[in-house]
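As a plain string of letters, each chain reads:
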Amino acid sequence: MSLLTLIRHGQSIWNQQNRFTGWVDVSLSQSGVKEAQRAAQMLAQQRFDLAFTSELLRAQDTLYEILRHNHQCHQYVRIHDTGSQWYEHFEMSPAEELELKIYVSQQLNERYYGDLQGLNKDKARQLFGDDQVHTWRRSYDVAPPNGESLAMTVTRAIAYFQSHIVPALQQGKNVLVCAHGNSLRAIIMHIEKMTASQIAAYELKTGSPHIYQCSTAMEILSKQVLE
Ligand SMILES: O=C(O)[C@H](O)COP(=O)(O)O
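First, a word on what this report is: a plain description of the structure on this page. (Residues numbered from 1 in each chain as written. Predicted model: local features only at pLDDT ≥ 70, side-chain atom pairs only at ≥ 80, totals over all residues. Heavy atoms only, no water.)

Focus on the sheet that holds strand β6 (residues 210–214)
Right, on to step 1. A sheet is described by the order of its strands in space; here seven strands give the open sequence β3-β4-β2-β5-β1-β6-β7, paired in mixed fashion. In the strand order of this sheet, the two ends are held by β3 (76–80) and β7 (220–225), each with one partner. In this sheet, neighbouring strand axes are inclined to one another by 20° on average, regardless of whether the strands run parallel or antiparallel.
Right, on to step 2. Of the strands in this sheet, β1 (2–8), β2 (50–53), β3, β4 (100–104) and β5 (175–179) are in contact with helix α3 (residues 57–68), which crosses β5 at around 140°.
Right, on to step 3. Each of β1, β5, β6 and β7 touches helix α8 (residues 181–191); the most contacted strand, β1, lies at about 145° to it. (Pairing = 2+ DSSP bridges. Helix = DSSP H or I, 4+ residues; strand = E, 2+ residues; numbered from the N terminus. Axes fitted to C-alpha atoms, helices over the stretch in contact; angles between N-to-C directions. Contact = heavy atoms within 4.5 Å.)

Structure follows, in structure tokens:
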């Protein structure tokens, strides 16, 4: 059995300003730092064997806040996703084996919101109408102008989940994934076998850990959401 802990980053400064963020690399707000610290307290006793995050600051800062307060993890090494599995071959001494590996990948980035990035969501509603903005935000297969649909985010995030995260879970490792609302909804849709309409309506609070107990055959044995 293994534990899969999914957590959306703490509130960002553009979440606070109600602006479409996507791949714009904004920091956590003061409230977001507090959310990350609270999540760290909730997860302080949890042992993690490895972690995954996106290339974006708000997810990485939330992850490091959790690791800084984790009683099991004292050192870590970041491995950037360069497309090659170079890290599978390098030798680590027993002491280095204690280092937690953090895999950083663009595949776990937030949904790319294209031309909407930076725009205030209320301003967008004034410009394009409530229905159009809701469709861009919460439909499954409609993309915002020059952006990704949720379906496109799901495709890349699940491909990464299956190629990099599932093998670790099948080996019984405890995995921490600190990412974004839409890339995590992609993973949740996959493991909970949700439909497109169910996941389109599913909301993840910032800084709220979703903890799944998984069998090595990837059955979900239990789910706990900490708030
Ligand atoms: O990127 C963003 O704007 C948010 O993090 C997610 O926005 P959404 O909840 O509108 O998808």
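Thoughts on unusual backbone geometry
Right, on to step 1. Even without glycine at this site, K193 takes up a positive phi of about 55°.
Right, on to step 2. By the element assignment, K193 lies in the loop between α8 and α9 (196–200).
Right, on to step 3. We classify K193 as exposed; its relative accessible area is 70%.
Right, on to step 4. One non-glycine residue with positive phi stands out, namely M218, at about 65°.
Right, on to step 5. Mapped onto the elements, M218 comes out in the loop between β6 and β7.
Right, on to step 6. Classification of M218 by relative accessible area gives buried; the value is 18%. (Buried < 20%, exposed > 50% of the residue type's maximum accessible area, 1.4 Å probe, protein only.)

A short note on the nonpolar core
Right, on to step 1. Counting residues in each nonpolar core, the largest one holds 33 residues, and the members touching the most others are L4, L6, F52, F161, I165, V175 and V177.
Right, on to step 2. At ten residues, helix α7 (residues 150–170) tops the list of elements feeding residues into this core.
Right, on to step 3. In contact with F161, not counting residues within four places along its chain, are L4, V166, P167, L169, I187, H190, I191 and M218.
Right, on to step 4. With 19 residues, the next largest nonpolar core counts A39, F48, L67 and C73 among its residues. (Core = buried A, V, L, I, M, F, W, Y, C linked by side-chain atoms within 4.5 Å.)

Brief notes about the site of the ligand
Right, on to step 1. In the vicinity of the ligand, the contacting residues are R8, N15, R19, F20, T21, G22, E110, Y113, K121, R137, R138 and N182.
Right, on to step 2. In the environment of the ligand, an oxygen atom lies 2.5 Å from a nitrogen or oxygen atom belonging to the side chain of R137.
Right, on to step 3. N182 is positioned such that a nitrogen or oxygen atom in its side chain is 3.0 Å from an oxygen atom of the ligand.
Right, on to step 4. Taken by itself the ligand offers 320 Å² of open surface, and the protein chains cover 96% of this.
Right, on to step 5. Per-class residue counts for the shell around the ligand are two nonpolar, four polar and six charged. (Near = heavy atom within 4 Å. Polar contact = N/O pair within 3.5 Å; in protein donor to acceptor, adjacent residues only side chain to side chain. Areas by Shrake-Rupley, 256 points an atom, 1.4 Å probe, with all protein chains shown as cover. Nonpolar A, V, L, I, M, F, W, Y, C, P; charged D, E, K, R; others polar.)

Some points on the side chain of S29
Right, on to step 1. Positionally, S29 belongs in the loop between α1 (13–16) and α2 (30–43).
Right, on to step 2. When its relative accessible area of 2% is taken as the criterion, S29 is described as buried.

A closer look at the packing of α2 against α3
Right, on to step 1. Following both chains from N to C, one finds α2 and α3 inclined at 40°, their axes separated by 8 Å at the closest point. Taken together, the axes of α2 and α3 are oblique relative to one another. As for how α2 packs across α3, the hand of that crossing is right-handed. Counted together, A36, Q37, A40 and L43 of α2 and T62, E65 and I66 of α3 form the full contact between these two elements.
Right, on to step 2. For the contact of α2 with α3, the per-class residue count stands at four nonpolar, two polar and one charged. (Parallel < 35°, antiparallel > 145°, perpendicular 65-115°, else oblique. Left-handed = near helix turned anticlockwise from the far one by under 90°.)

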